[in-house]
Protein chains: 2
Amino acid sequence: MKVTLLSDIFLKKKNINTVILINGWVRNRRDSKSGISFLDIYDGSIVTTLQVIAKNTLSNYVTEILKLTIGCSVKIVGKLIHSLHKKNIYELKAHLIQVIGTVSSPKSYPMSAKRHTLEHLRNFCHLRPRTNIIGVISRIRNTVFYTLHKFFQSKQYLWVATPIITSINTEGGGDMFKISMLDTSNYELNKKIKNFKKKFFNRSAFLTVSGQLTLEAYACSLSKVYSFGPVFRAENSNTKKHLAEFWMLEMEKAFTTVKKISNFSEILLKHVIQKVLEKNSLDLSFLKKYIDNNIFIRLKKILNINFFHIEYKEALDILLKNSHLFSEKIFWGIDFNTIQEKYLVEEYFKAPVVIYNYPKNIKPFYMKLNSDEITVSAFDILFPLVGEIIGGSEREDRFSILENRMKIFKETQKDYHWYQDLRKYGTIPHAGFGLGFERLILYITGLNNIRDVIPFPRSVGDLKF
Amino acid sequence: MKVTLLSDIFLKKKNINTVILINGWVRNRRDSKSGISFLDIYDGSIVTTLQVIAKNTLSNYVTEILKLTIGCSVKIVGKLIHSLHKKNIYELKAHLIQVIGTVSSPKSYPMSAKRHTLEHLRNFCHLRPRTNIIGVISRIRNTVFYTLHKFFQSKQYLWVATPIITSINTEGGGDMFKISMLDTSNYELNKKIKNFKKKFFNRSAFLTVSGQLTLEAYACSLSKVYSFGPVFRAENSNTKKHLAEFWMLEMEKAFTTVKKISNFSEILLKHVIQKVLEKNSLDLSFLKKYIDNNIFIRLKKILNINFFHIEYKEALDILLKNSHLFSEKIFWGIDFNTIQEKYLVEEYFKAPVVIYNYPKNIKPFYMKLNSDEITVSAFDILFPLVGEIIGGSEREDRFSILENRMKIFKETQKDYHWYQDLRKYGTIPHAGFGLGFERLILYITGLNNIRDVIPFPRSVGDLKF
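Rules of the game
Position numbers for residues count from 1 along each chain, tracking the sequence in the order it is written. Both sets of labels track the order of writing: A upward for chains, 1 upward for ligands. Residues qualify for local features only when their pLDDT is at least 70, as the model is predicted, and side-chain atom pairs are given and counted only at 80 or more; totals for whole chains, interfaces and linings, by contrast, use all residues. By convention in this description, side-chain values take in all heavy atoms of the structure and omit both hydrogens and water. For this overlay, a least-squares fit was computed on C-alpha atoms, restricted to residues scoring pLDDT of at least 70 in both copies. In what follows, residue pairs with any heavy atoms lying within 4.5 Å of each other are defined as contacts. A residue's pLDDT is simply how confident the predictor is in it, with values from 0 to 100. Note: buried area is the sum, over both parts, of the accessible area (probe 1.4 Å) each one loses when the two are combined. For salt bridges, the criterion is a side-chain nitrogen of Lys or Arg within 4 Å of an Asp or Glu carboxyl oxygen. Segments assigned H or I by DSSP are reported as helices when at least four residues long, segments assigned E as strands when at least two residues long, and all are numbered from the N terminus. All amino acids are sorted into three groups, where Ala, Val, Leu, Ile, Met, Phe, Trp, Tyr, Cys and Pro are nonpolar, Asp, Glu, Lys and Arg are charged, and the leftover types, Gly among them, are polar. Two strands make a pair as long as DSSP finds a minimum of two bridges between them. Think of it in three bands: with a 1.4 Å probe and only protein chains considered, a residue is buried below 20% of the maximum accessible area for its type, exposed above 50%, and partly exposed in between.

1. A few points about the relation of the copies chain B and chain A
For these two chains of identical sequence, chain B goes onto chain A by a turn of 180° and a shift of 0.0 Å along the axis, with RMSD 0.0 Å. Both chain copies can therefore be described as sitting about a two-fold axis. Considering only C-alpha atoms, the part of chain B nearest the rotation axis is isoleucine 179 of chain B, at 2.4 Å. Comparing interface residues between copies, 99% of those in chain B also lie at the interface in chain A; the contact surface is shared.

Printed below as a string of structure tokens:
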């Protein structure tokens, strides 16, 4: 007998008035005095539970069904019918309930019926997907992830796997994790480790902070490419917006300009939010109830407004005019901090803001120098609640200017000869951006802590599992 | 003016007999005595080049066009017409050719017109995507990658990001990369590094070899899940089939059996190959010409046969009957080596083989013990040319047996309490498999060395970029 998912029932309205098999976990059990029990069953395919009606005529009613507690796993065969109670829509009249797995000590089950705080749930990353909230987030993550892939595929971008292990010591490597065969738990032992073990790659190796530079090599030959994978930051910052490991989508396009790809990224963000509204309306309704009462209005607003497109200089002028609001000094050349960005997006524009043409000194060496020679052709998209969600730029495609910029940034020719080659042989104007996946999920869901929107969060001092 | 990709022209037959803009790189230039030059242009969207006809009436004909060499980048506006030469199908009569990037010293350009060996190309991973062969592989990788996602999404699997940085010291951690803030290039310096820096996570951290265990946590709550990302092996093996970093698709399904998911994986593999035959026929034709004359027959054969499904014991019997062919002793309990697997697949069955029920001692602790108590409910799918392409199993869902097996394998309770929790609270039968993405690409393309089917290969002693 084929398994029916609860999403097939509630979203596709499949198999109504037929006998079906469902698998799942018990969320709740209520017993009536008339010898009927009501079980709420959950299978993770949808936020909704299905009410199962179990009569005392079932052979295991007393021995097993009356003992079912939250978290027990069951297989149920029964007839799916329209419910008389509007709240439930459908219900399943059980012919057979097979108990698969029990919860031996219900009181010690960390996902008990009681509502838990997100903070509490973080201690049980292996069990928290059993809660509604993490189920909701998982399904929204899936929609966003797949929508991003579909969007790029439909526009003929090729997916490229950029490497995780890298020798590219971007920005001095201070914020990069090192990879080796050295064991931090037994420091003295390392001295005895053979040379092979110590230096697997015969050179220093790091966890990548971005696949961009290698992705550029593919843009400079296959024209339209993107990557989507984990990236890493070894920053000692324990904020609600930072993770040591997170997913990033990066795109790189040949023969294009920063203006074109920033417009493209605005379309992309709106498209993703539109798809979540279409595909995850029940999940969003759950979030409306428990997390953000304003969620539908907030997301739909994004679809219906144009993002504000401003120059760094304009943003700076706005901040200068309101400098009394900020404790830090504001002048040309600063990198806007969180509070300043928050002011621009949430107070001043009350909408996402795209900021262009940042001072060259606060951006990496690879960004294209503008003709004013003091700014680079970069853009950041700042969102309410979460701040920077996308950062991109045109890449410096002129060999001599790149060489010069690298000297200023003390990037050694030795490590980047290959990157310079891309400018030596048939160079092209090209641009790209990176989209922080978890930041986007954080914005969409309205949650407050990035640790709650990734299955197994990693941050300084915190590595469970 | 909108850019037309060469794939739009050759595959979608767009814009014929209209004036179009193309961007790309010069592959070849031939000049006729009558003042016409023929340029072959490539943009990476398809293996085919477009012939451009440049007349000496173009203003930059002498100054620029006659100097174009392989690798130069150009923007061309012209009229797209049917070619009189059958070989070309279409050609572009140029109205305007703008040279974007030149190749300053064509003789030193590593991707010169001459055919290079794959081994030579490996030294130029940043430029090799400009070659036909790496372009072909990149497009096939993209098809396979996206087809895998589409397949799982269409069957309502949720994508889950399993973590890269892990504390799970699977199989003793000997083959795992360690992550730290320790610097292998300056060993003495490490002694001075502050404690935070030394132990970012306050415990030993590794690069994951598989996301399976964490994916199980999600299967045990969301029913149908998959992950697809990079995994790592710090093995000192420098073979043509091994990489230190590669991509793996892993799926995990609740309430299922090993037989069901092995059948599912057979359908999956055939579906992927079918899609490559549909979407990459030009790429496969290129491979037929230069790599494997038999490629279409080989791939279509996979679609039309049933994989052989055998028990480990049966495989062993076959090898025993032919033990004179093998130098190593064959007996119950061995893990088949490459030569033995090759014999089974390529000599004996001449088809992919699915082997079930391996001896428990050669498989990991998490595989479900069969009722015979000497085998586990595992399966491996062995393919011609590449060997194991998929490995999967039913997972041990019985708490006490798992606990027992862990003791035998010396897995400490401390590290795996969370994994045991999945069996303690509403346990379910579940199974899953891992698919080595690059192995599959290797098989499909018919290439010989796995370093050629991943953009930036990493192996022992080899970390460029």
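Read on, since the account is not over.
2. Regarding the confidence of the model for chain A
For chain A, per-residue confidence averages 93 on the pLDDT scale, and 95% of positions sit at 70 or higher. Of the two predicted TM-score estimates for the complex, the pTM is 0.96 and the ipTM is 0.96.

3. Remarks on the interface of chain B and chain A
On the side of chain A, 118 residues touch chain B, which itself brings 119 residues to the contact. The contact between chain B and chain A buries some 10100 Å² in all, and 65% of this surface belongs to carbon and sulfur atoms. The interface formed by chain B and chain A holds 0 salt bridges in total. Here the side of chain B that touches chain A takes 11 residues from helix α3 (residues 132-154) of chain B, the largest share from any one element. For the side of chain B that touches chain A, a count of residues per class yields 60 nonpolar, 35 polar and 24 charged. Bridge count between strand β8 (residues 178-180) of chain A and strand β8 (residues 178-180) of chain B: 3 bridges; the pairing is antiparallel.

4. Comments concerning the pattern of salt bridges
Residue and element names in this part refer to chain B. Taken as a whole, this structure holds 38 salt bridges over all chains when the rule is applied. The partner of glutamate 438 in a salt bridge is arginine 141, and the shortest N-O contact between them spans 2.9 Å. Of the two residues, glutamate 438 is situated in helix α13 (residues 437-445) and arginine 141 in helix α3; the sequence distance between them amounts to 297 residues. For glutamate 438, a relative accessible area of 1% puts it in the buried group. When its relative accessible area of 3% is taken as the criterion, arginine 141 is described as buried.

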